[in-house]
Structure formats: C-alpha cells, structure tokens
Amino acid sequence: MNFKPLKYISMTPQNKGPEKEASLGNASKLPDDNTPLLDVSGLRSGTDTQEILHGIDLRVDKGEVIAIMGPNGSGKSTLANTILGNPEYVVTAGNIRYKGEDITAWSPDARAKSGIFMAFQHPESIEGLPVVQFLKQAVSARKTTEVSTLEIRMEIIEWLKKLGMDDEFATRHLNEGFSGGERKRNEILQMALLEPDLAILDETDSGLDVDGLTTVASGVKSIMDHRPEMSTIIVTHYAKFLELIRPDRTIVLVNGIVVASGGDELAMDIDSNGYDRWTER
Ligand code: ADP
Ligand code: MG
C-alpha cells in the first residue's frame, strides 16, 4: 500500500482534497465534558469497489479504553484506517466526529496533528532514517514547535527502559531489520512520545511471544497511567492482551457490523467460545 502512515506528518506537508488543517485551539480541548472524544455514527466505508463497514456506531469518551475484537476480515483494520483518514478507504455514509468536530473529510495529516495516532499492524520501514530523527520530526510536527535532538533522545531513553529495549535502538534506522517484536515496541515508543489524545493500536499484540506481549502491554499501561486523559482503541484477537490492559468496554465486529458490546466477560467468553455464534447466523 502506498498510504504514508500519518506519523510521517511533517515530511509531506502538501495534501490535496477538501480537508482542513486542524488548529491547535481545537486540538487540545473538548467543547464540554459530555462531548465524546470520538463519535462515529452510521459509518459506511470501504474500497472503491466494495463496502466493508456497513454502518458503524462507536462512541469513545475521554480517557476511555475500548477493545475491538472480531475474526479476520471483519473490518477492524478498515475501521481503524477510516478513523485515521487513510485515503485507501472511502466513506460513503455517516460521519466521524472528533472533539466535537466533523473530521470525515480531514486529511490524515490534520488528524495526526490534532492527536489521532495509530500503531500499525504492519509498520513500514524507512531506509536510512534513524529512529531518533524520525521521532524528532514527528514530535515537532505534533507539537508545532521544533524539539531538540537532545530532548528527544532523553525521552526516548526513558521510554526504551520501560519497554525493555536497548539504548542503541534509537540510532537504528526505522524498522530496517527490526524483528516483529521490535517493530511493535517501536510503535509503542512512538505512541509514548507523540502523546496522542486518541491512540489506536491495530493488533499491536500479534506476532509477539508471551514475553513480548507482556512488555508491550506494560508499556501501553505505563503510557495510560502517565496520561489518563488519553483515549485508546485496542484492536486485538487475544483476550490475554486485554487481561493485561483491562479495557473499559469491548465491542465485537463481524462482517462490518458491531454485533456485541460488553465488559471483560465478553472478551473472556470469546477466548473460550470464539465467534461462531455470530458467524453462523
Ligand atoms: P480485519 O482487520 O478485521 O482482519 P480488514 O479491515 O483488514 O479486516 O478487512 C476486511 C475485509 O475487507 C477483508 O475481506 C479484506 O480482504 C477487505 N479489504 C480490506 N482492505 C482492503 C483493500 N485495501 N482492498 C481490498 N480489500 C480490502
Ligand atoms: Mg486487521
């Protein structure tokens, strides 16, 4: 896919289309306490040729942690990417409101600047770009002020410790030769430094062994503890990951429709009984 992940915001300032730049004024504040941070309503979206999401409603409050579960191909990544504004997906009905504003037509860049972040299921590598330089640019763009290399380096080192990674990691090139676990940890490192208001983790737990899973989960936990006002959407197959993160609510997506919503018990139930009850209908 040729969509540049939105974390690369500062590198491609030119965007076309009817989008609007997010002003920092609305980036940091909600109009009032009852406005959900994210309010997805009647959302239909898909590729040029095929509708994948058939009317999704999803409300995420400030500080809330939502898990999205569902079998392969149910539209979880499509939902995440549509919220992110990935141009690969076309919205044909409904809308996405964020901090009280309709962002359905916003560019991915504007969404990123106003605090929407996604940890990718399959992070891409950028040849020759050291992690520290990448993060410096991305964080500067997010904060709309130039942060110094030293400042970034110190922050990185602090988070690398929490993520059980070596300091030397910061000097390596983005995702080049990274193991699956390193890629996932690197996404979490980005999440920590970019300080999003809405973080979306798309199967950040996939392809990790138990140790990796525990480290990544505790990394995510420490970001959440550090920034309790952050809202998080966690896309996952694994109840184990949710046991560690403890979301406020779990929703189940099957064939582009939300078929169930519940608490911890729902995730545990799915872990034991799978999705058959929804897929066999
Ligand atoms: P999940 O993340 O739940 O596994 P996806 O959102 O990736 O599901 O995919 C949902 C369905 O839409 C699948 O059948 C997938 O093949 C299809 N799909 C998703 N993205 C594309 C795309 N860019 N082009 C064609 N089909 C797609
Ligand atoms: Mg997916």
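Rules used in this analysis
- Residues numbered from 1 in each chain as written.
- Chains lettered and ligands numbered in written order.
- Predicted model: local features only at pLDDT ≥ 70, side-chain atom pairs only at ≥ 80, totals over all residues.
- Heavy atoms only, no water.
- Phe/Tyr/Trp six-rings, centres within 6.5 Å; stacked < 30°, edge-to-face > 60°.
- Buried < 20%, exposed > 50% of the residue type's maximum accessible area, 1.4 Å probe, protein only.
- Lys NZ or Arg CZ within 6 Å of the ring centre and 35° of its normal.
- Near = heavy atom within 4 Å.
- Polar contact = N/O pair within 3.5 Å; in protein donor to acceptor, adjacent residues only side chain to side chain.
- Helix = DSSP H or I, 4+ residues; strand = E, 2+ residues; numbered from the N terminus.
- Nonpolar A, V, L, I, M, F, W, Y, C, P; charged D, E, K, R; others polar.
- Salt bridge = Lys/Arg side-chain N within 4 Å of Asp/Glu carboxyl O.
- Axes fitted to C-alpha atoms, helices over the stretch in contact; angles between N-to-C directions.
- Parallel < 35°, antiparallel > 145°, perpendicular 65-115°, else oblique.
- Contact = heavy atoms within 4.5 Å.
- Pairing = 2+ DSSP bridges.

Quick word on the packing of aromatic side chains
- In this structure the tally under the stated criterion is 2 aromatic pairs.
- Seen from their ring centres, Phe-169 and Phe-178 are 4.7 Å apart, and the 45° between their planes marks the pair as tilted.
- Judged by centre distance (6.4 Å) and plane angle (45°), the rings of Tyr-275 and Trp-278 are tilted. We note that Tyr-275, like Trp-278, is buried.
- One residue, Lys-162, lies across the ring of Trp-159, its end atom 4.1 Å from the ring centre.

Quick notes on the site of ligand 1
- Taken together, 13 residues lie around ligand 1, and Gly-73, Lys-76, Thr-78, Glu-88 and Tyr-89 are the ones closest in.
- Between ligand 1 and Lys-76, the relevant distance is 2.8 Å, taken from an oxygen atom to a side-chain nitrogen or oxygen of the residue.
- Thr-78 is positioned such that a nitrogen or oxygen atom in its side chain is 2.6 Å from an oxygen atom of ligand 1.
- Take the shell around ligand 1: its biggest share by element is 3 residues, from helix 2 (residues 76–84).
- Across the shell around ligand 1, the residue classes break down as 3 nonpolar, 8 polar and 2 charged.

Things to note about unusual backbone geometry
- A positive phi is found at Lys-99, a non-glycine position, where the angle reads about 50°.
- Within the element layout of this structure, Lys-99 appears in the loop between strand 4 (90–98) and strand 5 (101–102).
- Classification of Lys-99 by relative accessible area gives buried; the value is 6%.
- One non-glycine residue with positive phi stands out, namely Glu-195, at about 45°.
- Relative accessible area serves as the criterion here: at 26%, Glu-195 is assigned to the partly exposed category.

Observations regarding the pattern of salt bridges
- Enumeration according to the criterion identifies 13 salt bridges in this entry.
- Here Glu-182 ties to Arg-172 by a salt bridge, and the two come within 3.2 Å at their closest N and O atoms. In this pair, Glu-182 is assigned in helix 6 (residues 180–194) and Arg-172 in the loop between helix 5 (149–162) and helix 6, connecting sequence segments 10 residues apart.
- Among the residues examined, Glu-182 registers a relative accessible area of 23% and is labelled partly exposed.
- One salt bridge in this structure joins Asp-264 and Arg-246, with 2.4 Å as the shortest N-O distance. Note that Asp-264 is positioned in helix 9 (residues 264–273) and Arg-246 in the loop between helix 8 (239–245) and strand 9 (249–254), a separation of 18 residues in sequence.

What to know about the packing of helix 4 (residues 131–143) against helix 5
- As a packed pair, helix 4 and helix 5 sit with axes 10 Å apart at the nearest point and diverge in direction by 105°. As the angle between them shows, helix 4 and helix 5 are arranged roughly perpendicular. Contacts from Val-132, Gln-133, Leu-135, Lys-136, Val-139 and Lys-143 of helix 4 reach helix 5 at Thr-149, Ile-152, Arg-153, Glu-155 and Ile-156.
- Its residues assigned to classes, the contact of helix 4 with helix 5 shows 5 nonpolar, 2 polar and 4 charged.

Re the sheet that holds strand 5
- Pairing is antiparallel across the open sheet formed by 4 strands, whose spatial order is 2-1-4-5. Every other strand in the sheet has two partners, leaving strand 2 (51–60) and strand 5 as the edge strands with one partner each.
- Examined bridge by bridge, strand 4 and strand 5 share 2 bridges and lie antiparallel to one another. Paired with Arg-97 across the bridge in strand 5 is Asp-102.

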